[in-house]
Amino acid sequence: MTEHSPPVTQASDGAAQRRPAGEADVIVVGAGPAGSTTAYYLAQAGLDVLLLEKSRFPREKVCGDGLTPRGVRALVAMGVSVSEQDGWVRNKGLRVIGAGKRMELPWPELSSYPGYGLVRPRTDLDQMLARRAQQAGARLLEGVTVTGPVLDDRTGRITGVAAKAADADGERTYRARVIVAADGNSSRLSVSMGLRKRDDRPLGVAVRTYYRSPRHDDDYLESWLDLWDGDRLLPGYGWIFGMGDGTSNVGLGLMNTSAAFGHTDYHGLLHKWLAGMPAEWGFTEENRTQPIRGAALPMGFNRTPHYYQGLLLAGDAGGMVNPFNGEGIAYAMESGEILARTIAQALTRARRTETERVLAGYPRALNDAYGGYYAVGRAFVKAIGRPGLMRFATKHGMSRPALMGFVVKLLANLTDPGGDASDRLINGLSKLAPNPK
Ligand SMILES: Cc1cc2nc3c(=O)[nH]c(=O)nc-3n(C[C@H](O)[C@H](O)[C@H](O)COP(=O)(O)OP(=O)(O)OC[C@H]3O[C@@H](n4cnc5c(N)ncnc54)[C@H](O)[C@@H]3O)c2cc1C
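Before going into details, it helps to say that this report is about the structure given with it. (Residues numbered from 1 in each chain as written. Predicted model: local features only at pLDDT ≥ 70, side-chain atom pairs only at ≥ 80, totals over all residues. Heavy atoms only, no water.)

Some words on the pattern of salt bridges
Applying the stated rule across the entire model yields 22 salt bridges. The shortest N-O distance in the salt bridge between aspartate 48 and arginine 139 comes to 2.9 Å. Highlighted residues: aspartate 48 in the loop between helix H1 (33-44) and strand E2 (49-53) and arginine 139 in strand E8 (residues 139-142), separated in sequence by 91 residues. Take aspartate 48 and arginine 139: they sit in the same class, and that class is buried. (Salt bridge = Lys/Arg side-chain N within 4 Å of Asp/Glu carboxyl O. Helix = DSSP H or I, 4+ residues; strand = E, 2+ residues; numbered from the N terminus. Buried < 20%, exposed > 50% of the residue type's maximum accessible area, 1.4 Å probe, protein only.)

Here's what the structure looks like:
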C-alpha cells in the first residue's frame, strides 16, 4: 500500500467514474436495509459502489415488518413513496396490553418525525430499497455470496472480498478502497476480520409467522407485555401487526437477560400465548399461512469496533438494534447514511493518513447518535431480566396513561432536540448515562 492513494475522481456530470468490473470505490456486502441505504447515499455522493447480495430479490427476511415513525423518516429521506396507494399500511401508534389492561398510545407529535408508522412485508421493502440504490447508480449483483476478505499481506487491511456467484463456477475477487459489512446479524465478514459479538451486550431472539385474521387492518401496532413461562414473567414481548392483506404478522421475542434464554421452546411459547386469544381473531393452525421462523436481534452495539482495518459495519452487522423495542430497520438505514457520508468525505482526502482519520470518525459519529441511548437501553434490558421488577413495572406503568406516553417516546427513541419536558428528560438521560466503549 502506498501512503498516497488517489482521491476519488468524479466525471464532470457528478457521476462516479466507473472502474473495471471487479473494482469499485466501495464494496457493500449485503443488500438489506443497511446495505442498500449505504449504497444509495454513496452513489448519490458520486462514488462507484458495488453492492453484493447473496440472495435474489424478492427474498424473505424474518421480521415483524413494522416501522415506527423513525423508520418512516428514513424511507422518506431516501425518496421512497410511502403513500397508502403504493401499498403501505399506516399505523397511528402502539397498543400495549399487560397486567390485565389495554392502552392505545398514539405516536408523539414531533417536528423531527412523522406522526405515523408503517407496515410492509420485507419481501417488498428490501427489494424497494435495493432498487433505490440501483437508481442512484450503485451496481447491485444478486446471487453473489461473499466468502471472505482479501487482505493486504503486509498490513492485514481489507482490500477486497472473495465471492461466489450462484450461476458461475469458482470464486472471484472484487477490490475496493473501503469495504462495508452490511451482511446482517451473523456478519461472517466481520467475524473473518476478528470482530465477534460481545457477550456483555444484549441479544434478543424472536420468532414470527403469519395468520389469516380479521385483525389484518389494525391501525395500531400491538404489543403484549405478559409472556409467561409457567409462573415466571419473561423479559420480552409478543406482537400482532396487521399486514392489510388479510393476514397479521404475529411473533414474540425474548432477551438474553432471561434465565429462560437459550432453553426456551419458542414455538411452544408462541402457541401457548396465542391459545389465550379470542377465537374470532383466527390465530389458529388452520389459518397459519407461513412456517414459524426465528432469528437473533443483536442490540445496543453488540459488535464493536465499528471501523477496523478498512472495514466499516452497518446495521445488524454492528449490533445496532434498539434494546428497548427490538426495532432494527430504522437503525440499519440511519447507520448506513452516517457511514456513507463518512466514506464520501474520507475518499476525497489525498493522503491515506487523512482518509484513515476520517474513517476512524465513524464509530464516534455512531456513538454520538446512539451511544448514550443504547447505554440506557442496556440498563433497561438488565433490569427487565429480573422478573419481579418486570412485573412491578408492567403493573404500575399500565395504570398510569401519562407515564405510558413518556414510555412510548423512550422505547421508540422519538424525541425532538430541545422538545418538551419528556423529550428533555430522555435526551438528558442519554447524555448522562455511563457509556463504556
Ligand atoms: C423475528 C424478528 C422480528 C423483527 N421485527 C422487526 C420489526 O418489526 N421492525 C424493525 O424495525 N426491525 C425488526 N427486526 C430487526 C430487523 O429485522 C433487522 O434489524 C434488520 O433487518 C437489519 O437490517 P440489515 O440490513 O442490517 O440486515 P439484514 O436485513 O439481515 O440484511 C443482510 C443482508 O445481507 C445478505 N448477506 C448475508 N451474508 C452475505 C454474504 N456472505 N454475501 C452477500 N450477502 C450476504 C443477506 O442475504 C441480507 O440480504 C426483527 C428481527 C427479527 C429476527
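Focus on the side chain of threonine 38
Counting through the fold element by element, threonine 38 comes out in helix H1. In terms of polar contacts, threonine 38 uses its side chain to reach the backbone carbonyl oxygen of alanine 34, at 2.6 Å. Once residues lying within four places of it in the same chain are set aside, the contact partners of threonine 38 are Val28, Val180, Ala314, Gly336, Leu339 and Ala340. (Polar contact = N/O pair within 3.5 Å; in protein donor to acceptor, adjacent residues only side chain to side chain. Contact = heavy atoms within 4.5 Å.)

Looking at the pairing of strand E9 (residues 144-151)
Note on strand geometry: in a regular strand, side chains alternate between the two faces of the sheet. As paired elements, E9 and strand E10 (residues 158-165) share seven bridges and run antiparallel to each other. Within the sheet, the bridge partner assigned to glycine 148 lies in E10 and is alanine 162. Counted between consecutive antiparallel strands, the loop separating E9 from E10 contains six residues, among which glycine 156 sits at a positive phi close to 80°. (Pairing = 2+ DSSP bridges.)

Concerning the nonpolar core
In this structure, Leu75 and Ile343 are the most contacted members of the largest nonpolar core, which totals 63 residues. The element contributing the most residues to this core is helix H6 (residues 329-346), with ten residues. With near-sequence residues (within four places) excluded, leucine 75 lies in contact with Leu67, Val80, Val82, Trp88, Leu118, Leu125, Leu129 and Met333. The next biggest cluster of nonpolar side chains, apart from the first, holds 29 residues, and it includes Val89, Leu94, Val321 and Leu414. (Core = buried A, V, L, I, M, F, W, Y, C linked by side-chain atoms within 4.5 Å.)

Concerning the pairing of strand E12 (residues 203-212)
Buried residues dominate E12, accounting for eight of its ten residues. By the bridge criterion, six bridges tie E12 to strand E18 (residues 293-298) in an arrangement that is antiparallel. Each bridged residue has a counterpart across the sheet, and for valine 205 the counterpart in E18 is alanine 296. As paired elements, E12 and strand E17 (residues 247-255) share nine bridges and run antiparallel to each other.

Side note on the site of the ligand
Taken together, 37 residues are adjacent to the ligand, and Glu53, Arg59, Gly64, Gly66 and Asp316 come closest. Serine 55 is positioned such that a nitrogen or oxygen atom in its side chain is 3.4 Å from an oxygen atom of the ligand. At 3.0 Å from an oxygen atom of the ligand is found a main-chain nitrogen or oxygen belonging to isoleucine 329. When the ligand sits alone it has 1,000 Å² of accessible area, and the protein chains cover 93% of it. Within the residue set of the shell around the ligand, elements represented by two or more residues are H1, E2, E9, strand E16 (236-242), E18 and H6. Per-element tally for the shell around the ligand: the top contributor is E9, with three residues. (Near = heavy atom within 4 Å. Areas by Shrake-Rupley, 256 points an atom, 1.4 Å probe, with all protein chains shown as cover.)

Side note on the side chain of serine 422
Summarising the element assignment, serine 422 is placed in helix H11 (residues 421-432). Among the polar contacts made by the side chain of serine 422, one reaches the side chain of lysine 409 at a distance of 3.3 Å. Discounting residues that sit within four places of it in the chain, serine 422 has contacts with Phe406 and Lys409.

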